[in-house]
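Results of the structural survey
Given next are the chains, with one letter for each unit.
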Amino acid sequence: MWSRPHLLGIDGLVPDEVTFLLDRAEAYLGRAPKTDTLRGHVVVNLFFESSTRTRTSFEIAGKKLGADVINVSPSTSSLTKGETLLDTIRNVEAMHADTLVLRHGASGAAQFLVKHAKSSIVNAGDGTHEHPTQALLDVLTIRRHRKTIKGLTVAICGDILHSRVARSNALLLGLLEARVRLTGPRTMIPMNADALGPTVTIHQTLDEAVEGADVVMMLRVQNERFTGAMLPTTREYNLTFGLTRAVLLRAKPDALVMHPGPINRGVEITSGVADGPQSVILDQVEAGVAVRMAVLEAVARARGTA
Ligand code: CP
């Protein structure tokens, strides 16, 4: 069911592979006991962009599987002295790293490394391209609450243009036959957004996207990736694309509210909704450890190191 030594993206996966990872992850949910599945295995977290959830959960996931987990921080590494990414990887591999977990600001960074690396590469977010483990944990969270993904309507709202989370989720939800509605300011919808899958539709307003939805997934405005002025003001953004209790009333009464984090409270979502009874945001975080355990185990087994 899983024979890939790397996880670079959702693009190219087939439903059986996704189901395999989700089922393995489900078994790891909750306070899963520590195992020695990856004993003697070295996982190196290489995060070139800041992270709380992804880096921490990969570390916990690796340790729960009995691996040795090392965190390399670019700001205190020899990258600051001019060493290239490739030389950094070659040196880490010379120390017998088995799996490299990479977050990088450049779209395609993980694909680039795979061509040169001997170890397993897991993409923990590359530029605006993909964040596969986030999409997997999102889908696992929806599956826990709704039992199935097929036929659900999921509204993904906000800064679609810069969001690797939106891209990976649109691909994965489409693969599992959910309907995906994308909405955001015109400047934040990519030209080819509907090419993300046959089930993707584009909506001009938040009200329209949320109407009757089973899941409402809000995204952070990624100011750090802006190349010019994309929004009039934060206040105007909040008024037109911020999720409030009033807007949420348009969705199904039991609709799930999701957000990959970090949240900008009062911008894309009010605190009342983020902390409200329909929010599963912390369930997403919990699912992140389980999904990353399943992924680390799967790539190691495929590579023959576990
Ligand atoms: N969702 C997510 O990727 O969060 P971090 O940036 O904190 O890892």
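Source: prediction; values computed, not measured. (Residues numbered from 1 in each chain as written. Predicted model: local features only at pLDDT ≥ 70, side-chain atom pairs only at ≥ 80, totals over all residues. Heavy atoms only, no water.)

Topic: the overall build of the chain
A tally of helices and strands in the chain yields 11 helices and 9 strands. Its C-alpha radius of gyration of 19 Å places the chain within 12% of the 19 Å reference for a compact globule of 306 residues. Seen through its principal axes, the chain has C-alpha atoms that stretch 55 × 40 × 35 Å. For the chain, the proportion of contacts with a sequence separation of at least 24, taken over those separated by at least 6, is 75%. Accessible surface, the chain: about 13,200 Å² in total, of which carbon and sulfur atoms supply 53%. If you average the places of the 34 positive and of the 31 negative side-chain charges in the chain, the two averages end up 3 Å apart. (Helix = DSSP H or I, 4+ residues; strand = E, 2+ residues; numbered from the N terminus. Rg over C-alpha atoms; globule rule 2.2 N^0.38 Å. Contact = heavy atoms within 4.5 Å. Areas by Shrake-Rupley, 256 points an atom, 1.4 Å probe, with all protein chains shown as cover. Lys, Arg positive; Asp, Glu negative; His and termini not counted. Charge placed at Lys NZ, Arg CZ, Asp CG, Glu CD.)

Structural notes on empty space enclosed by the protein
Any space left empty among the atoms is revealed by the rolling of a water-sized probe across them. On inspection of all chains with the given rule, the structure shows 1 cavity of 30 Å³ or more. In this model, the largest cavity occupies a volume close to 70 Å³. Taken together, Arg53, Ser57, Gln134, Leu137, His259, Pro260, Gly261, Ile281, Gln284, Val285, Gly288 and Arg292 make up the full set of residues lining the largest cavity. Those elements that provide at least two residues to the lining of the largest cavity are helix 2 (53-64), helix 5 (132-146) and helix 11 (281-303). The leading source of residues in the lining of the largest cavity is helix 11, at 5 residues. For the lining of the largest cavity, a count of residues per class yields 4 nonpolar, 6 polar and 2 charged. (1 Å grid on protein atoms, 1.4 Å probe; cavity = no way out; pocket = protein on both sides within 12 Å on 5 of 7 lines; lining within 4 Å. Points joined across faces, edges and corners; volume = space filled by probe spheres on them. Nonpolar A, V, L, I, M, F, W, Y, C, P; charged D, E, K, R; others polar.)

What to know about the site of the ligand
Around the ligand, the neighbouring residues are Ser50, Ser51, Thr52, Arg53, Thr54, Arg103, His131, Gln134, Pro260 and Gly261. Measuring from a nitrogen atom of the ligand, one finds a backbone N or O atom of proline 260 at 2.8 Å. Compared with its free state, where it exposes 260 Å², the ligand has 92% of that area covered by protein. With respect to the detected pockets, the ligand is housed in the largest pocket. (Near = heavy atom within 4 Å. Polar contact = N/O pair within 3.5 Å; in protein donor to acceptor, adjacent residues only side chain to side chain. Sits in = over half its atoms within 2 Å of the grid points.)

Regarding unusual backbone geometry
Across the junction of glycine 261 and proline 262, the peptide omega takes the value -5°, indicating a cis bond. Among the secondary structure elements, proline 262 is positioned in the loop between strand 9 (256-258) and helix 10 (271-274). Phi at glutamate 177 takes a positive value of approximately 70°, unusual for a residue other than glycine. Along the chain, glutamate 177 falls in the loop between helix 6 (164-175) and strand 6 (179-183).

A short note on the pattern of salt bridges
Scanning the entire structure with this criterion turns up 17 salt bridges. We note a salt bridge from arginine 143 to aspartate 23, for which the minimum N-O separation is 2.9 Å. Of this pair, arginine 143 sits in helix 5 while aspartate 23 sits in helix 1 (residues 15-28); the two residues are 120 residues apart in sequence, bridging distant segments of the chain. Overall, the relative accessible area of 16% leaves arginine 143 in the buried class. In this structure, the salt-bridge partner of aspartate 254 is arginine 146, at a minimum N-O distance of 3.5 Å. Residue aspartate 254 is located in the loop between helix 9 (245-248) and strand 9, and its partner arginine 146 is located in helix 5; the two are separated by 108 residues in the primary sequence. Counted as one network, the salt bridges with shared partners bring together Asp23, Glu26 and Arg143. (Salt bridge = Lys/Arg side-chain N within 4 Å of Asp/Glu carboxyl O. Buried < 20%, exposed > 50% of the residue type's maximum accessible area, 1.4 Å probe, protein only.)

Regarding the domain arrangement of the chain
Along its sequence, the chain is organised into domain 1 (15-130 + 286-303) and domain 2 (132-280). One C-alpha centre belongs to domain 1, the other to domain 2, and the line joining them spans 26 Å. Between domain 1 and domain 2, the residue contacts involve 28 residues of the former and 24 residues of the latter. Both faces combined, the contact of domain 1 with domain 2 buries some 2,100 Å², and carbon together with sulfur accounts for 60% of it. Per-residue buried area on domain 1 facing domain 2 is highest for Leu22, Thr128 and Glu130; these three make up 27% of the total on that side. At the surface where domain 1 touches domain 2, the tally comes to 4 salt bridges. Applying the counting rule to domain 1 against domain 2 returns 8 residue pairs in polar contact (both at pLDDT 80 or more). Among the elements of the structure, helix 1, helix 2, strand 3 (99-104), strand 4 (120-126) and helix 11 are those that each provide at least two residues to the side of domain 1 that touches domain 2. With 8 residues, the top contributor of residues to the side of domain 1 that touches domain 2 is helix 1. (Domains from an automatic or database assignment. Buried area = accessible area lost by both parts, 1.4 Å probe.)

Observations concerning the layout of surface pockets
If you add up the space inside the largest pocket, you get close to 400 Å³. Lining of the largest pocket is provided by 20 residues; of these, Arg103, Arg164, Arg220, Gly261 and Pro262 occupy positions nearest its centre. Among the elements of the structure, helix 2 and helix 6 are those that each provide at least two residues to the lining of the largest pocket. When residues are assigned to domains, the lining of the largest pocket turns out to be shared by domain 1 (15-130 + 286-303) and domain 2 (132-280), each giving three or more. In this structure, the second largest pocket occupies an estimated 220 Å³ of space.

A look at the sheet that holds strand 4
Sheet strands line up and pair through hydrogen bonds in the backbone, either parallel or antiparallel. With parallel pairing, 4 strands are arranged side by side in an open sheet as 2-1-3-4. Both outer strands of the open sheet, strand 2 (68-72) and strand 4, are each paired with one neighbouring strand and no more. With strand direction ignored, the average angle separating the axes of adjacent strands in the sheet is 15°. Both strand 3 and strand 4 contribute to a ladder of 5 bridges, which runs parallel. Looking across to strand 4, one finds that valine 101 is bridged to valine 122. Taken strand by strand, helix 3 (residues 85-94) contacts strand 1 (42-47) and strand 3, and its axis lies near 160° from that of strand 3. (Pairing = 2+ DSSP bridges. Axes fitted to C-alpha atoms, helices over the stretch in contact; angles between N-to-C directions.)

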